[in-house]
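One-letter residues, chain by chain:
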Amino acid sequence: MTEQRVSYTLDSTLETVNSAEETATKIASEAGFDEEEVMKIAMAVREAAVNAVLHGNAYDPGKKVIVNFERNTRDLVITIRDQGKGMDMSKIPDPLAPENLLKTSGRGIFLIRSFMDEVEISPSQTGTEIKLTKHVHGPAAGGKEASQ
Amino acid sequence: MSMKTSTRQVDGVTIVDCSGRITLGEGSVILRDTVRDLLSKGNKKILLNLGDVNYIDSSGIGELVSAFTAVKNQGGELKLLNLTKKVHDLLQITKLYTVFDVKDDEASAVKAFAK
């Protein structure tokens, strides 16, 4: 698998969410992930894009969402950055706590962490960046096993 | 594929056949409007058939929870039928599988509603 890096600057709309998900599906498939892994990667990207559009940029037409896809022999790395006020990580409740099970929101970050191998969230006053990493295994790594 | 719903009545239970994606935006709104409409008409025994729902995101999960709570708050019951593996797995990891009453056979699901 050759190295590939693509970047998109997108509006703060629902179309961006769908576009990011579709692109993630395509790139993850091309990287050789199986159907279930592709679904998980695409869903993690979708959830991150929803956070960027809804909670980060709050649908502000003047703010953009920047999505980077980078793949190499070891990893698929997706970075999604918004231009909002920054996420307060301490205010994200545990969606599995009994008192939160019937809440209608607050599961996005949990699902992202469940589906990706590594997740780094970097909030700042000029926006939040979330870096999602999925390790490439088996044939997808050009016939070589990815380093563990 | 966007979400579609159609409803039918079986022995006093409203079965909502759902297909497509329940995601942020249209899919979630359609499910919300469908359940609200049923409740407003006094239909409080609702069986959501998710057999043709091939995708659901966190907003869709939230909408299922919202529907469950709305029906329960009006003294009704909402059950889920025919989960696909994807939806089943999502409800498992979010610990909602034990919150919802999940069925895999329509006839027994209908019988399971209180008379």
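Source: prediction; values computed, not measured.

1. Structural notes on the overall build of chain B
- Within chain B, the secondary structure is distributed over 4 helices and 5 strands.
- Reading the secondary structure of chain B in the N-to-C direction produces β-β-α-β-α-β-α-β-α.
- By the compact-globule yardstick of 13 Å for 115 residues, chain B fits well, its C-alpha radius of gyration being 13 Å.
- Long-range pairs, those at least 24 residues apart, make up 71% of the contacts in chain B with a sequence separation of at least 6.

2. Re the sheet that holds strand E4 (residues 118-124) of chain A
Residue and element names in this part refer to chain A.
- In space, the 5 strands of this open sheet follow the order E1-E2-E3-E5-E4, with antiparallel pairing throughout. Each having just a single partner strand, strand E1 (4-11) and E4 make up the two edges of the open sheet. Here the strands of the sheet are splayed against their neighbours by 10 degrees on average, with no regard to which way each runs.
- Pairing geometry for strand E2 (residues 64-71) and strand E3 (residues 75-81), over 6 bridges, is antiparallel. Its bridge partner being in E3, Ile 66 is matched across the sheet by Arg 81.
- Against the sheet, helix H1 (residues 14-30) contacts E1, E2 and E3, and its axis sits at roughly 5 degrees relative to E2.
- Helix H2 (residues 35-56) rests against E2, E3 and strand E5 (127-135) of the sheet, and its axis sits at about 180 degrees to E5.

3. Brief notes about H1 of chain A
All names here are of chain A.
- If you check H1, its first and last C-alpha atoms are 25 Å apart, about what 17 residues at 1.5 Å a residue would give, namely 24 Å.
- Listed as buried for H1 are Thr 16, Val 17, Ala 20, Glu 21, Ala 24, Ile 27 and Ala 28. Buried residues of H1, viewed axially, fall in a sector of 140 degrees; they line one side.
- Turning to H1, the residues buried within the fold contact E1, H2, E2 and E3.

4. Some thoughts on the pairing of E5 of chain A
Residues and elements named next belong to chain A.
- Relative to E5, E3 is paired through 7 bridges, and the arrangement is antiparallel. In the strand pairing of E5, Leu 76 is matched with Lys 134.
- As defined by bridge partners, E4 adjoins E5 across 7 bridges and the pair is classed as antiparallel. If you follow Ser 122 over to E5, its bridge partner there is Glu 129.
- Connecting E4 to the next strand, E5, in antiparallel fashion are 2 residues.

5. Quick word on the interface of chain B and chain A
- Across the contact, 16 residues belong to chain B and 17 residues belong to chain A.
- Broken down by secondary-structure element, the contributors of at least two residues to the side of chain B that touches chain A are helix H2 (58-73) and helix H3 (85-93) of chain B.
- Residues belonging to the side of chain B that touches chain A are distributed by class as follows: 6 nonpolar, 7 polar and 3 charged.

6. Concerning the packing of H1 of chain A against H2 of chain A
Residue and element names in this part refer to chain A.
- Contact geometry for H1 and H2: axes closest at 8 Å, N-to-C directions at 155 degrees. On the basis of the axis angle, H1 is roughly antiparallel to H2. At the point where H1 passes H2, the crossing takes the right-handed sense. Between H1 and H2, the contacting residues are Thr 16, Val 17, Ala 20, Glu 21, Ala 24, Thr 25, Ala 28 and Ser 29 on the first element and Glu 37, Val 38, Ile 41, Ala 42, Val 45, Arg 46, Ala 49, Val 50 and Val 53 on the second.
- Here the contact of H1 with H2 is built from residues that sort into 11 nonpolar, 3 polar and 3 charged.

The rules behind the values
Residues numbered from 1 in each chain as written. Chains lettered and ligands numbered in written order. Predicted model: local features only at pLDDT ≥ 70, side-chain atom pairs only at ≥ 80, totals over all residues. Helix = DSSP H or I, 4+ residues; strand = E, 2+ residues; numbered from the N terminus. Rg over C-alpha atoms; globule rule 2.2 N^0.38 Å. Contact = placed C-beta atoms within 7 Å. Pairing = 2+ DSSP bridges. Axes fitted to C-alpha atoms, helices over the stretch in contact; angles between N-to-C directions. Expected span 1.5 Å × (residues − 1). Buried ≥ 20, exposed ≤ 12 C-beta atoms within 10 Å, placed from the backbone. Arc of directions from axis to C-beta. Nonpolar A, V, L, I, M, F, W, Y, C, P; charged D, E, K, R; others polar. Parallel < 35°, antiparallel > 145°, perpendicular 65-115°, else oblique. Left-handed = near helix turned anticlockwise from the far one by under 90°.

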